[in-house]
Amino acid sequence: MRNNSEVSKLNLKETQMAIKSLKDYFQRDLANTLNLARISAPLMVRPETGLNDNLSGVEKAVSFDIRNYGINVEIVQSLAKWKRNALKEYGFKSYEGLYADMNAIRPDEELDNIHSVYVDQWDWEVIIKKEDRTEEFLGLIVREIFEVFKRAEEYINQVYPNALSKKLPEEIFIICAQELEDLYPNLSAKDREREIAKEKKAVFIKKIGRKLNSGEPHDVRSPDYDDWDLNGDILFWDEKIDNAIELSSMGIRVDEESLIKQLEESNKMERVDLPYHKNLLNGQLPYTIGGGIGQSRLCMFFLEKSHIGEVQASVWDEKTIEECNSKRIFLL
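Residues numbered from 1 in each chain as written. Predicted model: local features only at pLDDT ≥ 70, side-chain atom pairs only at ≥ 80, totals over all residues. Heavy atoms only, no water.

The condition that has to hold: UniProt positions are given in the numbering used here, feature names are shortened, and annotations may be inferred rather than shown by experiment.
Under an unreviewed UniProt entry, the name given to the protein chain is Aspartate--ammonia ligase, and the source organism is Anaerosphaera aminiphila DSM 21120. Of the protein chain, the UniProt comment under Subcellular location (unreviewed entry) reads exactly: "Cytoplasm". For the record of the protein chain, the UniProt heading Pathway (unreviewed entry) holds the text "Amino-acid biosynthesis; L-asparagine biosynthesis; L-asparagine from L-aspartate (ammonia route): step 1/1."

Given below as C-alpha coordinates:
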(Lines give C-alpha, C1' and ligand atoms only; values in the text may rest on other atoms or scores of the structure.)
Protein backbone atom coordinates (compact mmCIF):
# COMPACT_ATOMS: atom_id res chain seq x y z
CA MET A 1 0.00 0.00 0.00
CA ARG A 2 1.28 3.43 -0.89
CA ASN A 3 2.35 5.52 2.11
CA ASN A 4 -0.01 8.37 1.29
CA SER A 5 -0.36 10.84 4.15
CA GLU A 6 -3.35 12.52 2.50
CA VAL A 7 -6.42 10.86 4.00
CA SER A 8 -9.78 10.67 2.29
CA LYS A 9 -11.65 13.96 2.09
CA LEU A 10 -14.95 12.11 2.53
CA ASN A 11 -15.78 10.95 6.05
CA LEU A 12 -17.47 7.63 6.82
CA LYS A 13 -21.03 8.92 6.49
CA GLU A 14 -20.28 10.90 3.34
CA THR A 15 -18.53 7.87 1.88
CA GLN A 16 -21.56 5.64 2.42
CA MET A 17 -23.84 8.21 0.81
CA ALA A 18 -21.43 8.71 -2.10
CA ILE A 19 -21.22 4.95 -2.72
CA LYS A 20 -25.01 4.77 -3.11
CA SER A 21 -25.15 7.83 -5.39
CA LEU A 22 -22.29 6.64 -7.59
CA LYS A 23 -23.57 3.09 -7.96
CA ASP A 24 -27.11 4.23 -8.75
CA TYR A 25 -25.92 6.66 -11.41
CA PHE A 26 -23.45 4.26 -13.02
CA GLN A 27 -25.73 1.24 -13.33
CA ARG A 28 -28.59 3.34 -14.69
CA ASP A 29 -26.36 4.91 -17.35
CA LEU A 30 -24.74 1.57 -18.22
CA ALA A 31 -28.17 -0.01 -18.69
CA ASN A 32 -29.34 2.84 -20.95
CA THR A 33 -26.14 2.82 -22.99
CA LEU A 34 -26.01 -0.93 -23.66
CA ASN A 35 -29.78 -1.58 -23.65
CA LEU A 36 -29.69 -3.75 -20.53
CA ALA A 37 -32.53 -4.99 -18.35
CA ARG A 38 -31.92 -5.52 -14.63
CA ILE A 39 -32.54 -9.14 -13.58
CA SER A 40 -32.08 -11.27 -10.50
CA ALA A 41 -29.08 -13.59 -10.45
CA PRO A 42 -28.14 -16.66 -8.42
CA LEU A 43 -25.77 -16.60 -5.49
CA MET A 44 -25.16 -20.33 -5.92
CA VAL A 45 -25.28 -22.94 -8.69
CA ARG A 46 -24.94 -26.72 -8.95
CA PRO A 47 -21.40 -27.60 -10.14
CA GLU A 48 -22.56 -30.35 -12.50
CA THR A 49 -24.30 -27.80 -14.73
CA GLY A 50 -20.97 -26.27 -15.79
CA LEU A 51 -22.41 -22.79 -15.25
CA ASN A 52 -19.93 -21.63 -12.61
CA ASP A 53 -16.98 -19.54 -13.71
CA ASN A 54 -13.68 -21.39 -13.32
CA LEU A 55 -11.69 -18.12 -13.43
CA SER A 56 -8.03 -19.12 -13.99
CA GLY A 57 -8.81 -22.75 -13.15
CA VAL A 58 -6.88 -22.67 -9.87
CA GLU A 59 -9.36 -20.99 -7.54
CA LYS A 60 -11.65 -23.32 -5.59
CA ALA A 61 -15.28 -22.29 -5.37
CA VAL A 62 -16.88 -22.12 -1.93
CA SER A 63 -19.27 -25.08 -1.69
CA PHE A 64 -21.73 -26.56 0.78
CA ASP A 65 -24.51 -29.15 0.99
CA ILE A 66 -28.19 -28.27 1.15
CA ARG A 67 -29.32 -30.67 3.85
CA ASN A 68 -32.99 -30.78 2.88
CA TYR A 69 -32.20 -31.83 -0.70
CA GLY A 70 -28.96 -33.69 -0.14
CA ILE A 71 -27.28 -31.82 -2.99
CA ASN A 72 -24.05 -29.86 -3.24
CA VAL A 73 -23.92 -26.27 -4.51
CA GLU A 74 -21.19 -23.70 -5.16
CA ILE A 75 -21.12 -19.96 -4.55
CA VAL A 76 -20.74 -18.36 -7.97
CA GLN A 77 -17.28 -17.01 -8.84
CA SER A 78 -18.84 -14.90 -11.57
CA LEU A 79 -21.88 -15.13 -13.83
CA ALA A 80 -19.98 -15.31 -17.13
CA LYS A 81 -21.66 -18.48 -18.40
CA TRP A 82 -24.93 -18.20 -16.49
CA LYS A 83 -25.79 -14.91 -18.22
CA ARG A 84 -25.52 -16.36 -21.71
CA ASN A 85 -27.91 -19.15 -20.80
CA ALA A 86 -30.28 -16.65 -19.14
CA LEU A 87 -30.47 -14.53 -22.31
CA LYS A 88 -31.77 -17.58 -24.16
CA GLU A 89 -34.16 -18.71 -21.42
CA TYR A 90 -35.68 -15.23 -20.98
CA GLY A 91 -36.20 -14.68 -24.70
CA PHE A 92 -33.91 -11.69 -25.26
CA LYS A 93 -33.35 -10.56 -28.88
CA SER A 94 -30.33 -9.23 -30.80
CA TYR A 95 -28.77 -6.14 -29.20
CA GLU A 96 -30.81 -6.62 -26.04
CA GLY A 97 -29.04 -7.52 -22.84
CA LEU A 98 -29.16 -7.97 -19.11
CA TYR A 99 -27.20 -6.99 -16.05
CA ALA A 100 -27.21 -8.21 -12.48
CA ASP A 101 -25.48 -7.71 -9.17
CA MET A 102 -22.92 -10.48 -8.73
CA ASN A 103 -21.69 -11.21 -5.23
CA ALA A 104 -18.98 -13.81 -4.73
CA ILE A 105 -16.62 -15.12 -2.10
CA ARG A 106 -13.11 -15.97 -3.29
CA PRO A 107 -11.10 -17.37 -0.36
CA ASP A 108 -8.06 -18.09 -2.55
CA GLU A 109 -7.67 -14.43 -3.56
CA GLU A 110 -4.30 -12.81 -2.84
CA LEU A 111 -5.53 -10.03 -0.56
CA ASP A 112 -4.19 -6.48 -0.65
CA ASN A 113 -5.55 -2.94 -0.91
CA ILE A 114 -7.44 -3.67 -4.15
CA HIS A 115 -8.30 -7.36 -3.60
CA SER A 116 -10.87 -8.59 -1.08
CA VAL A 117 -12.26 -12.03 -0.31
CA TYR A 118 -15.66 -10.46 -1.06
CA VAL A 119 -16.24 -9.59 -4.72
CA ASP A 120 -19.09 -7.41 -5.95
CA GLN A 121 -19.57 -6.46 -9.56
CA TRP A 122 -22.13 -5.72 -12.21
CA ASP A 123 -22.24 -8.65 -14.60
CA TRP A 124 -23.69 -7.72 -18.00
CA GLU A 125 -24.31 -9.57 -21.27
CA VAL A 126 -25.74 -8.56 -24.68
CA ILE A 127 -26.87 -10.72 -27.61
CA ILE A 128 -24.99 -9.92 -30.82
CA LYS A 129 -24.90 -11.36 -34.33
CA LYS A 130 -22.18 -13.69 -35.56
CA GLU A 131 -20.86 -11.00 -37.90
CA ASP A 132 -20.30 -8.76 -34.84
CA ARG A 133 -17.58 -11.07 -33.54
CA THR A 134 -14.79 -8.70 -34.58
CA GLU A 135 -12.15 -6.53 -32.93
CA GLU A 136 -13.88 -3.45 -34.37
CA PHE A 137 -17.14 -4.26 -32.61
CA LEU A 138 -15.30 -5.04 -29.38
CA GLY A 139 -13.57 -1.66 -29.56
CA LEU A 140 -16.92 0.08 -30.14
CA ILE A 141 -18.39 -1.42 -26.96
CA VAL A 142 -15.23 -0.65 -24.96
CA ARG A 143 -15.48 3.01 -25.96
CA GLU A 144 -19.19 3.16 -25.09
CA ILE A 145 -18.47 1.76 -21.63
CA PHE A 146 -15.62 4.22 -21.17
CA GLU A 147 -18.03 7.06 -21.88
CA VAL A 148 -20.22 5.72 -19.06
CA PHE A 149 -17.19 5.86 -16.75
CA LYS A 150 -16.52 9.45 -17.81
CA ARG A 151 -20.09 10.56 -17.21
CA ALA A 152 -20.07 8.88 -13.79
CA GLU A 153 -16.90 10.76 -12.91
CA GLU A 154 -18.41 14.07 -13.99
CA TYR A 155 -21.56 13.37 -11.96
CA ILE A 156 -19.89 12.38 -8.68
CA ASN A 157 -17.35 15.23 -8.95
CA GLN A 158 -20.24 17.68 -9.24
CA VAL A 159 -21.82 16.21 -6.11
CA TYR A 160 -18.54 16.53 -4.15
CA PRO A 161 -16.65 19.34 -5.93
CA ASN A 162 -14.34 20.12 -3.03
CA ALA A 163 -13.35 16.51 -2.36
CA LEU A 164 -12.90 14.86 -5.75
CA SER A 165 -10.90 15.60 -8.91
CA LYS A 166 -10.95 14.67 -12.60
CA LYS A 167 -8.86 11.56 -13.27
CA LEU A 168 -9.89 10.11 -16.65
CA PRO A 169 -8.52 11.20 -20.06
CA GLU A 170 -10.76 12.08 -22.99
CA GLU A 171 -10.17 8.74 -24.74
CA ILE A 172 -9.23 5.20 -23.75
CA PHE A 173 -6.06 3.73 -25.28
CA ILE A 174 -6.41 0.26 -26.82
CA ILE A 175 -3.46 -2.11 -27.18
CA CYS A 176 -3.17 -5.89 -27.56
CA ALA A 177 -1.25 -7.97 -25.02
CA GLN A 178 1.47 -8.91 -27.52
CA GLU A 179 2.08 -5.29 -28.50
CA LEU A 180 2.38 -4.46 -24.82
CA GLU A 181 4.91 -7.25 -24.27
CA ASP A 182 6.91 -6.01 -27.28
CA LEU A 183 6.86 -2.51 -25.81
CA TYR A 184 8.16 -3.64 -22.39
CA PRO A 185 9.91 -6.99 -23.05
CA ASN A 186 11.84 -6.99 -19.77
CA LEU A 187 8.89 -6.33 -17.48
CA SER A 188 6.36 -8.68 -15.90
CA ALA A 189 2.76 -8.53 -17.07
CA LYS A 190 1.68 -6.51 -14.03
CA ASP A 191 4.57 -4.08 -14.44
CA ARG A 192 3.66 -3.67 -18.12
CA GLU A 193 0.11 -2.83 -17.06
CA ARG A 194 1.45 -0.30 -14.58
CA GLU A 195 3.63 1.45 -17.13
CA ILE A 196 1.01 1.72 -19.88
CA ALA A 197 -1.71 2.80 -17.44
CA LYS A 198 0.56 5.46 -15.93
CA GLU A 199 1.29 6.85 -19.40
CA LYS A 200 -2.21 6.68 -20.92
CA LYS A 201 -4.36 6.99 -17.75
CA ALA A 202 -7.03 4.68 -19.24
CA VAL A 203 -6.22 1.58 -21.29
CA PHE A 204 -7.92 -1.50 -22.70
CA ILE A 205 -5.52 -4.45 -23.04
CA LYS A 206 -7.00 -6.93 -25.50
CA LYS A 207 -6.32 -10.54 -26.52
CA ILE A 208 -5.70 -12.01 -23.07
CA GLY A 209 -5.42 -15.73 -22.42
CA ARG A 210 -3.29 -17.20 -25.18
CA LYS A 211 0.49 -17.59 -24.81
CA LEU A 212 2.53 -14.63 -26.06
CA ASN A 213 5.90 -14.76 -27.83
CA SER A 214 7.56 -15.04 -24.42
CA GLY A 215 5.80 -18.36 -23.90
CA GLU A 216 3.56 -16.99 -21.14
CA PRO A 217 0.05 -15.51 -21.40
CA HIS A 218 -0.50 -11.94 -20.26
CA ASP A 219 -2.94 -13.41 -17.76
CA VAL A 220 -4.70 -16.76 -17.36
CA ARG A 221 -8.33 -16.94 -18.50
CA SER A 222 -10.90 -19.71 -18.42
CA PRO A 223 -11.19 -21.30 -21.88
CA ASP A 224 -14.97 -21.53 -22.06
CA TYR A 225 -16.42 -18.03 -21.92
CA ASP A 226 -14.22 -15.27 -23.46
CA ASP A 227 -12.78 -15.70 -26.93
CA TRP A 228 -9.08 -15.05 -26.23
CA ASP A 229 -8.76 -13.14 -29.51
CA LEU A 230 -11.73 -10.89 -28.71
CA ASN A 231 -11.47 -10.00 -25.03
CA GLY A 232 -9.58 -7.71 -22.67
CA ASP A 233 -9.34 -5.65 -19.48
CA ILE A 234 -10.08 -1.99 -18.78
CA LEU A 235 -7.49 -0.41 -16.47
CA PHE A 236 -7.17 3.10 -15.07
CA TRP A 237 -4.20 4.83 -13.49
CA ASP A 238 -4.98 5.45 -9.83
CA GLU A 239 -2.90 8.30 -8.39
CA LYS A 240 -4.13 7.57 -4.89
CA ILE A 241 -2.52 4.12 -4.82
CA ASP A 242 0.20 4.93 -7.37
CA ASN A 243 -0.72 1.92 -9.48
CA ALA A 244 -2.95 0.58 -12.23
CA ILE A 245 -6.38 -0.64 -11.17
CA GLU A 246 -8.51 -3.02 -13.25
CA LEU A 247 -12.13 -1.92 -13.41
CA SER A 248 -13.49 -4.42 -15.91
CA SER A 249 -12.81 -7.69 -17.66
CA MET A 250 -14.94 -8.25 -20.75
CA GLY A 251 -15.09 -9.78 -24.17
CA ILE A 252 -16.95 -11.38 -27.03
CA ARG A 253 -17.81 -14.88 -25.92
CA VAL A 254 -16.60 -18.12 -27.51
CA ASP A 255 -18.42 -19.61 -30.47
CA GLU A 256 -18.39 -23.29 -31.36
CA GLU A 257 -14.97 -23.20 -33.01
CA SER A 258 -13.12 -21.07 -30.46
CA LEU A 259 -14.56 -23.10 -27.58
CA ILE A 260 -13.07 -26.35 -28.92
CA LYS A 261 -9.78 -24.65 -29.78
CA GLN A 262 -9.38 -23.14 -26.32
CA LEU A 263 -10.44 -26.31 -24.51
CA GLU A 264 -7.81 -28.23 -26.47
CA GLU A 265 -5.11 -25.65 -25.69
CA SER A 266 -6.02 -25.83 -22.00
CA ASN A 267 -6.35 -29.63 -21.85
CA LYS A 268 -9.94 -29.21 -20.63
CA MET A 269 -11.77 -31.22 -23.29
CA GLU A 270 -13.69 -33.15 -20.63
CA ARG A 271 -15.87 -30.07 -20.22
CA VAL A 272 -17.59 -30.71 -23.57
CA ASP A 273 -19.85 -33.20 -21.79
CA LEU A 274 -21.26 -30.57 -19.41
CA PRO A 275 -24.78 -29.30 -20.22
CA TYR A 276 -23.70 -25.69 -20.84
CA HIS A 277 -20.95 -26.72 -23.25
CA LYS A 278 -23.21 -29.16 -25.10
CA ASN A 279 -25.78 -26.42 -25.63
CA LEU A 280 -23.13 -24.06 -26.96
CA LEU A 281 -21.65 -26.64 -29.35
CA ASN A 282 -25.14 -27.56 -30.58
CA GLY A 283 -25.86 -23.93 -31.49
CA GLN A 284 -28.49 -23.56 -28.79
CA LEU A 285 -26.99 -20.45 -27.16
CA PRO A 286 -26.87 -16.94 -28.65
CA TYR A 287 -23.67 -15.16 -29.65
CA THR A 288 -22.91 -12.59 -26.97
CA ILE A 289 -20.56 -9.99 -25.59
CA GLY A 290 -20.33 -9.37 -21.88
CA GLY A 291 -18.23 -8.69 -18.86
CA GLY A 292 -18.01 -7.65 -15.26
CA ILE A 293 -17.44 -4.20 -13.76
CA GLY A 294 -16.17 -4.06 -10.20
CA GLN A 295 -18.51 -2.09 -7.97
CA SER A 296 -16.13 -1.60 -5.06
CA ARG A 297 -13.23 -0.76 -7.35
CA LEU A 298 -15.38 1.76 -9.19
CA CYS A 299 -16.14 3.45 -5.86
CA MET A 300 -12.56 3.17 -4.66
CA PHE A 301 -11.25 4.87 -7.81
CA PHE A 302 -13.76 7.68 -8.18
CA LEU A 303 -14.03 8.39 -4.43
CA GLU A 304 -10.22 8.45 -4.22
CA LYS A 305 -9.76 5.80 -1.55
CA SER A 306 -6.51 4.02 -0.69
CA HIS A 307 -8.04 0.66 0.27
CA ILE A 308 -10.98 -1.33 -1.07
CA GLY A 309 -12.07 -1.89 2.53
CA GLU A 310 -13.02 1.79 2.67
CA VAL A 311 -15.91 1.15 0.25
CA GLN A 312 -17.03 -2.40 1.16
CA ALA A 313 -17.57 -4.36 4.36
CA SER A 314 -15.25 -7.38 4.23
CA VAL A 315 -12.91 -9.28 6.56
CA TRP A 316 -9.28 -8.33 7.19
CA ASP A 317 -6.59 -9.64 9.52
CA GLU A 318 -5.33 -7.67 12.50
CA LYS A 319 -2.13 -6.64 10.73
CA THR A 320 -4.08 -5.03 7.88
CA ILE A 321 -6.45 -3.29 10.28
CA GLU A 322 -3.60 -1.92 12.38
CA GLU A 323 -1.68 -0.73 9.32
CA CYS A 324 -4.75 1.05 7.96
CA ASN A 325 -5.51 2.64 11.33
CA SER A 326 -1.96 3.98 11.54
CA LYS A 327 -2.50 5.71 8.20
CA ARG A 328 -5.97 6.98 9.14
CA ILE A 329 -7.58 4.67 6.60
CA PHE A 330 -10.95 3.64 8.02
CA LEU A 331 -12.23 0.23 6.92
CA LEU A 332 -15.98 -0.37 6.81
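**Concerning the pairing of strand β10 (residues 243-253)**
Threshold: Each residue gets one of three labels from its accessible area relative to the maximum for its type: buried under 20%, exposed over 50%, partly exposed in between, using a 1.4 Å probe on protein chains only. The way it works is that DSSP assigns letters per residue, a run of H or I at least four long becomes a helix, a run of E at least two long becomes a strand, and they are numbered from the N terminus. Strands are treated as partners if at least two bridges between them are detected by DSSP.
The element β10 is largely enclosed, with a buried count of eight among its 11 residues. By the bridge criterion, nine bridges tie strand β9 (residues 226-238) to β10 in an arrangement that is antiparallel. Along β10, the bridge assignment pairs phenylalanine 236 with isoleucine 245. Connecting β9 to the antiparallel partner β10 that follows it, the hairpin turn spans four residues, and aspartate 242 within it adopts a positive phi of roughly 55°. As defined by bridge partners, β10 adjoins strand β11 (residues 288-294) across five bridges and the pair is classed as antiparallel. What sits directly across from glycine 251, in β11, is glycine 290.

**Digging into the sheet that holds strand β3 (residues 63-66)**
Two modes of strand pairing occur in sheets, parallel and antiparallel, and in both the strands are linked by backbone hydrogen bonds. Spatial ordering of the open sheet is given by β2-β4-β3, a layout of three strands whose pairing is antiparallel. Strands with a single pairing partner mark the edges of an open sheet, and in this sheet they are β2 (44-45) and β3. Alignment of β3 against strand β4 (residues 71-75), held across four bridges, turns out to be antiparallel. Considered in β4, the bridge of isoleucine 66 is made with isoleucine 71.

**Observations concerning unusual backbone geometry**
In this model, tyrosine 95 sits at a positive phi of 65°, which is unusual for a non-glycine residue. Looking at the element boundaries, tyrosine 95 is found in the loop between α2 (80-89) and β5 (97-105). Backbone geometry places lysine 201, a non-glycine residue, at a positive phi of 75°. Locating lysine 201 in the fold gives a position in the loop between α5 (189-200) and β8 (202-206).

**Re the packing of helix α1 (residues 12-34) against helix α3 (residues 135-159)**
Rule in force here: In this analysis, axes come from line fits to C-alpha atoms, helices being fitted only over the stretch in contact, and the angle between any two N-to-C directions falls in the range 0 to 180 degrees. For any helix crossing, the convention is left-handed if the near helix is rotated counterclockwise from the far helix by under a right angle, and right-handed if that rotation is clockwise. Any pair of residues with heavy atoms lying within 4.5 Å of one another is described as a contacting pair. In this count, Pro and Cys sit with the nonpolar residues alongside Ala, Val, Leu, Ile, Met, Phe, Trp and Tyr, while Asp, Glu, Lys and Arg are called charged and the others, Gly among them, polar.
The N-to-C vectors of α1 and α3 enclose an angle of 150°; their axes lie 9 Å apart at closest approach. By crossing handedness, the relation of α1 to α3 is classed as right-handed. Between α1, through Ala18, Ser21, Leu22, Tyr25, Phe26, Asp29, Leu30, Thr33 and Leu34, and α3, the contact on the second element is made entirely by Ile141, Glu144, Ile145, Val148, Phe149, Arg151, Ala152, Tyr155 and Ile156. Its residues assigned to classes, the contact of α1 with α3 comprises 13 nonpolar, two polar and three charged.

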